[in-house]
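Okay, here's what each chain looks like letter by letter:
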Amino acid sequence: MFAAYTKELDDIDAACNEILDQLDLERNGRKNSVGLITCDSEFVDSGVVEALCKRFDFDTVGITTRGTAVSGQVGFDILSIAVLTSDDVRFSAVMSDPIVIDDIDAPIEAAYHKGTAKYKNEKPSFILAYPPLLLNIGNGRLVMPLKRMSGEDIPIFGTLSSDLTPNFSSCKNIYNGAAFLNTFGMIFFFGEVHPQFFMRSISPQNVQKQHAIVTDAEGFVVKTINDMLFSRYLQRLGFTSENFGNLYIVPFIVNLKNSNLVSSISCSNYSVTEEGYGIFGEKIPIGSTIALGRLDAGDVLKTTKEVVTLIADMYEKDSISCVLMYSCLSRGIIVGNDYFAELRVVSDTFAGVIPFQCCYSGGEICPVPDESGNMVNHIHNFTFIACAFT
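Remember, it's a predicted structure, so these values are computed and weren't measured experimentally.

For the rest of this paragraph, the subject is the sheet that holds strand β6 (residues 79-86). Ordered in space as β1-β6-β2-β3-β10-β11, the six strands form an open sheet in which the pairing is mixed. Looking at which strands have only one partner, the edges of the open sheet turn out to be β1 (2-6) and β11 (178-180). Across the sheet, the axes of successive neighbouring strands diverge by a mean angle of 20°, strand direction being ignored. Strands β1 and β6 of the sheet are contacted by helix α1 (residues 12-23), whose axis makes an angle of about 155° with β1.

Put into structure tokens, the structure is as follows:
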């Protein structure tokens with residue numbers, strides 16, 4: 001991996017040259033390459049992203065975000081690109097057609113077929129996934145078709161887009177310089193790829209001891225908890241209908257019924273329907289237990305430090321070469337006035353040592369182990385995830 005960045009928003013040529021000079025692809029590039037872009041939406045609107053992607057002879061996929069850490073820099077006002085390059089691993093990048101609530105599966109399935117058709121007789125070994133942030137659908141529903149198409153033996157890692165607006169109205173997904181509001185970007189890896197996954201969410205001491213039981217649910221929609229309408233359950237917890245729209249910053253810690261996972265999953269409630277049902281980022285079966293978690297600044301920094309320290313130790317032992325990281329945007333919000341404190345933990349540990357890219361996420365996609373040691377693709381919220389390549 002070779003990473004580069006720019007903060008130049010107005011001078012397009014200067015921005016492109018700054019990044020190209022840092023990457024030095026004539027010297028560093030291998031036979032096959034793909035680019036990962038993270039940036040504030042203003043870099044899209046100004047034309048910098050489009051101009052930069054035209055300077056590459058490989059595909060680029062990316063997202064807008066609320067903050068990035070790369071090459072020792074942290075901030076809102078950064079366009080970063082990480083170029084993965086290899087002589088033997090091959091890449092196939094694709095962007096789906098627009099996704100709407102009445103047509104979710106077909107565009108994603110078509111994109112999967114298009115992306116994997118490049119190497120027809122070979123199954124991908126790894127997938128990077130970049131769905132759009134669509135609050136009326138939820139991230140788990142968007143990833144479900146990809147999980148079904150690929151099967152559980154292919155690990156999927158990635159993030160949803162985010163932005164600086166209160167209602168995420170300017171989130172965009174990027175493909176070869178073009179930006180879209182409701183499309184799904186994917187990168188398929190073919191060949192010997194050995195990713196290792198790390199994640200931390202909310203420490204056990206910050207989770208309520210008393211769990212409730214999901215008594216009626218359908219897919220990603222929770223209808224009743226403890227036989228109470230979901231909205232009534234929220235009111236019993238002290239929430240009012242006026243703040244239902246802000247529930248995305250409230251962690252729901254779920255033990256999924258019959259999942260055999262070794263740990264619980266942190267989920268966001270994306271919205272409450274007119275019927276009083278909750279739309280979640282993960283499919284929550286009837287019989288699952290649910291409790292509120294508490295995210296605080298100290299726990300955010302503690303759990304992130306645990307992950308980056310572990311990765312840094314592995315790098316010193318020559319067992320990994322580079323790392324991609326995504327952290328839930330709620331973690332940055334919870335930190336408070338020092339919004340970039342978590343990203344600085346990453347940057348201070350890795351800058352000048354390990355090739356890396358890290359940004360804030362609208363939803364985290366990362367495999368987790370089950371009781372048999374198998375990795376199961378899952379959706380998370382309020383979580384710091386990392387994918388390190390050997």
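This paragraph deals with the pairing of strand β12 (residues 185-190). Burial analysis of β12 places six of its six residues in the buried class, which makes it a mostly covered element. Side-chain alternation along β12 places Gly185, Ile187 and Phe189 on one buried face and Met186, Phe188 and Phe190 on a second face that is also buried. By the bridge criterion, five bridges tie strand β8 (residues 126-130) to β12 in an arrangement that is antiparallel. Across the sheet, the residue bridging to tyrosine 130 is glycine 185, located in β12.

Quick look at the packing of aromatic side chains now. For the coordinates displayed, the defined rule picks out 20 aromatic pairs. A centroid spacing of 5.3 Å and a plane angle of 55° characterise the contact between tyrosine 339 and tyrosine 360, whose relative ring orientation is tilted. In this pair, tyrosine 339 is assigned in the loop between α9 (329-335) and α10 (341-350) and tyrosine 360 in strand β23 (residues 356-361), connecting sequence segments 21 residues apart. Grouping residues by exposure puts tyrosine 339 and tyrosine 360 together as buried. An aromatic cluster is defined as three or more aromatic residues linked by ring pairs; in this entry it consists of Phe91, Phe126, Tyr130, Phe157, Phe189, Phe197, Tyr326 and Phe389. The ring of tyrosine 119 has arginine 90 sitting right over it, with the charged end atom 4.9 Å from the ring centre.

Before going further, it helps to spend a moment on the packing of helix α5 (residues 105-116) against helix α6 (residues 139-150). The axes of two packed helices give the description: the angle between them and the distance between them. α6 packs onto α5 with a crossing angle of 40° between their chain directions and a minimal axis gap of 9 Å. With respect to their mutual orientation, α5 and α6 come out oblique. In the crossing of α5 with α6, the sense of the turn from one axis to the other is right-handed. Contact residues: α5 offers Asp105, Ile108, Glu109, Tyr112 and His113, while α6 offers Arg141, Leu142, Pro145, Leu146, Arg148, Met149 and Ser150. Classifying every residue of the contact of α5 with α6 by side-chain character gives six nonpolar, two polar and four charged.

What follows covers the environment of serine 330. Position of serine 330 among the secondary structure elements: in helix α9. Looking at serine 330, the relative accessible area reads 2%, which means it is buried. When neighbours within four sequence positions are excluded, serine 330 is seen to be in contact with Tyr248, Ile249, Leu295 and Phe382.

If you look at soluble globular proteins, the nonpolar side chains tend to sit buried side by side. If you look at the biggest cluster of nonpolar residues, it comprises 52 residues, and the most contacted ones within it are Leu146, Ile311, Val323, Met325 and Phe350. Residue contributions to this core peak at five residues, all from helix α8 (residues 297-316). Setting aside its immediate chain neighbours within four residues, leucine 146 contacts Ile108, Tyr112, Ile127, Ala129, Ile156, Phe184 and Met186. Ranked by size, the runner-up nonpolar core spans 26 residues in total, among them Leu36, Leu128, Val193 and Cys359.

This part is about α8. Compared with an ideal rise of 1.5 Å per residue, which puts 20 residues at 28 Å, α8 spans 29 Å between its outermost C-alpha atoms and is within 8% of the ideal. Downstream of α8 by a residue or two, aspartate 318 has a phi angle that is positive, lying close to 60°.

A positive phi angle, close to 45°, is found at aspartate 24, a residue other than glycine. Inspection of the secondary structure assignment puts aspartate 24 in the loop between α1 and α2 (25-28). With a relative accessible area of 28%, aspartate 24 lands in the partly exposed category. Positive phi values are uncommon outside glycine, yet aspartate 318 reaches one of about 60°. Its place among the elements puts aspartate 318 in the loop between α8 and β22 (322-328).

Further remarks concern α1. Given a rise of 1.5 Å per residue, 12 residues ought to cover 16 Å, and the 17 Å separating the end C-alpha atoms of α1 matches this to within 8%. For α1, the N-terminal capping position is held by aspartate 11, with its side-chain oxygen 3.3 Å away from the main-chain nitrogen of aspartate 13. A positive phi of about 45° marks aspartate 24, the residue just after α1.

Analysis parameters
- Residues numbered from 1 in each chain as written.
- Predicted model: local features only at pLDDT ≥ 70, side-chain atom pairs only at ≥ 80, totals over all residues.
- Heavy atoms only, no water.
- Pairing = 2+ DSSP bridges.
- Helix = DSSP H or I, 4+ residues; strand = E, 2+ residues; numbered from the N terminus.
- Axes fitted to C-alpha atoms, helices over the stretch in contact; angles between N-to-C directions.
- Contact = heavy atoms within 4.5 Å.
- Buried < 20%, exposed > 50% of the residue type's maximum accessible area, 1.4 Å probe, protein only.
- Phe/Tyr/Trp six-rings, centres within 6.5 Å; stacked < 30°, edge-to-face > 60°.
- Lys NZ or Arg CZ within 6 Å of the ring centre and 35° of its normal.
- Parallel < 35°, antiparallel > 145°, perpendicular 65-115°, else oblique.
- Left-handed = near helix turned anticlockwise from the far one by under 90°.
- Nonpolar A, V, L, I, M, F, W, Y, C, P; charged D, E, K, R; others polar.
- Core = buried A, V, L, I, M, F, W, Y, C linked by side-chain atoms within 4.5 Å.
- Expected span 1.5 Å × (residues − 1).
- Polar contact = N/O pair within 3.5 Å; in protein donor to acceptor, adjacent residues only side chain to side chain.

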